[in-house]
Amino acid sequence: LLSANLGVRVVTIDWGSFDTHGDQASAMDPQITTLSRALAAFQNDLAVRGIEQRVITVVFTEFGRRVGENGSIGTDHGAGGPCFVMGSAVRGGLAAAHPSVTALMNGNLGVTTDFRTVWQSLIADWLGGDPARILPGAPFAGFSRPDGQTSLFK
């Protein structure tokens, strides 16, 4: 699909079964391994095809996890879900301060980046669009990266 250069700008894939609440190490470790290998293979395939500069991958979850164990060797839904952006055009490293595991907010990690900031950057800096036309309340504060940069992209 990507090599055909059909003008596709966004492709989404929904991969479930991460919503575990018990025995998470044995349930999620194989999934994280599979996800890691799939993402590495995808990025390698993009490089082999010579299109890695044209494609970024965004991985996110619709919910975070609480920090404390829930009594069944797992964790329950919480705030501060992970999101990462990868690709040859992506500036590596953390895009925000790492949340503190000691300064919790009602058992949750403190959210250090509003997810709308990520979407704002993707829309404006990658797709060349106007975030204000898509995201209610935009523009949002930009990134405050530990490396001093303000963009997700090189």
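A brief report on the enclosed structure follows. (Residues numbered from 1 in each chain as written. Predicted model: local features only at pLDDT ≥ 70, side-chain atom pairs only at ≥ 80, totals over all residues. Heavy atoms only, no water.)

**What about the overall build of the protein chain?**
Consideration 1: A count of helical and extended segments in the protein chain gives two helices and four strands.
Consideration 2: Counting from the amino terminus, helix and strand elements in the protein chain follow one another as α-β-β-β-β-α.
Consideration 3: Taking the principal axes of its C-alpha atoms as reference, the protein chain extends roughly 50 × 35 × 30 Å.
Consideration 4: Out of the 154 residues belonging to the protein chain, those deemed buried represent 27%.
Consideration 5: A fraction of 60% describes how many contacts in the protein chain between residues 6 or more apart in sequence connect residues 24 or more apart.
Consideration 6: Carbon and sulfur atoms provide 57% of the accessible area of the protein chain, an area that totals close to 9900 Å². (Helix = DSSP H or I, 4+ residues; strand = E, 2+ residues; numbered from the N terminus. Buried < 20%, exposed > 50% of the residue type's maximum accessible area, 1.4 Å probe, protein only. Contact = heavy atoms within 4.5 Å. Areas by Shrake-Rupley, 256 points an atom, 1.4 Å probe, with all protein chains shown as cover.)

**A short note on the pattern of salt bridges**
Two side chains of opposite charge can pair, provided their charged atoms sit close to one another.
Consideration 1: Evaluated as defined, the whole model comprises four salt bridges.
Consideration 2: A salt bridge links Asp-45 to Arg-49, with the shortest nitrogen-to-oxygen separation between them at 2.7 Å. Of this pair, Asp-45 and Arg-49 both sit in helix H1 (residues 24-49), four residues apart, which is roughly one turn of that helix.
Consideration 3: Here Asp-45 falls in the partly exposed class, since its relative accessible area comes to 29%.
Consideration 4: What makes Arg-49 partly exposed here is its relative accessible area of 48%.
Consideration 5: The residue Asp-114 makes a salt bridge to Arg-116 at a minimum N-O spacing of 2.5 Å.
Consideration 6: Classification of Asp-114 by relative accessible area gives partly exposed; the value is 29%.
Consideration 7: A relative accessible area of 32% means that Arg-116 is categorised as partly exposed. (Salt bridge = Lys/Arg side-chain N within 4 Å of Asp/Glu carboxyl O.)

**What to know about the pairing of strand S1 (residues 57-60)**
Consideration 1: With burial as the criterion, only one face of S1 is covered, namely that bearing Thr-57 and Val-59; the residues Val-58 and Phe-60 on the opposite face remain uncovered.
Consideration 2: As paired elements, S1 and strand S4 (residues 83-86) share four bridges and run antiparallel to each other. Its bridge partner lying in S4, Val-59 is registered against Phe-84. (Pairing = 2+ DSSP bridges.)

**Points about the environment of Leu-1**
Consideration 1: Of note, Leu-1 is situated in the segment before H1.
Consideration 2: Separated by 10 residues in sequence, Leu-1 and Val-11 place their C-alpha atoms 9.7 Å apart.
Consideration 3: Leu-1 has contacts with Leu-6, Val-8 and Val-11, leaving out every residue within four places of it along the chain.

**Considering the nonpolar core**
Note that soluble globular proteins tend to have their nonpolar side chains buried in a common cluster.
Consideration 1: With nine residues, the main nonpolar core is built from Ile-56, Val-85, Val-90, Ala-95, Val-118, Leu-122, Phe-143, Leu-152 and Phe-153.
Consideration 2: Leaving out residues up to four positions away in the same chain, Leu-122 has contacts with Ile-56, Val-58, Leu-127 and Phe-153. (Core = buried A, V, L, I, M, F, W, Y, C linked by side-chain atoms within 4.5 Å.)

Take it as geometry only, folks, not as evidence of what the structure does.
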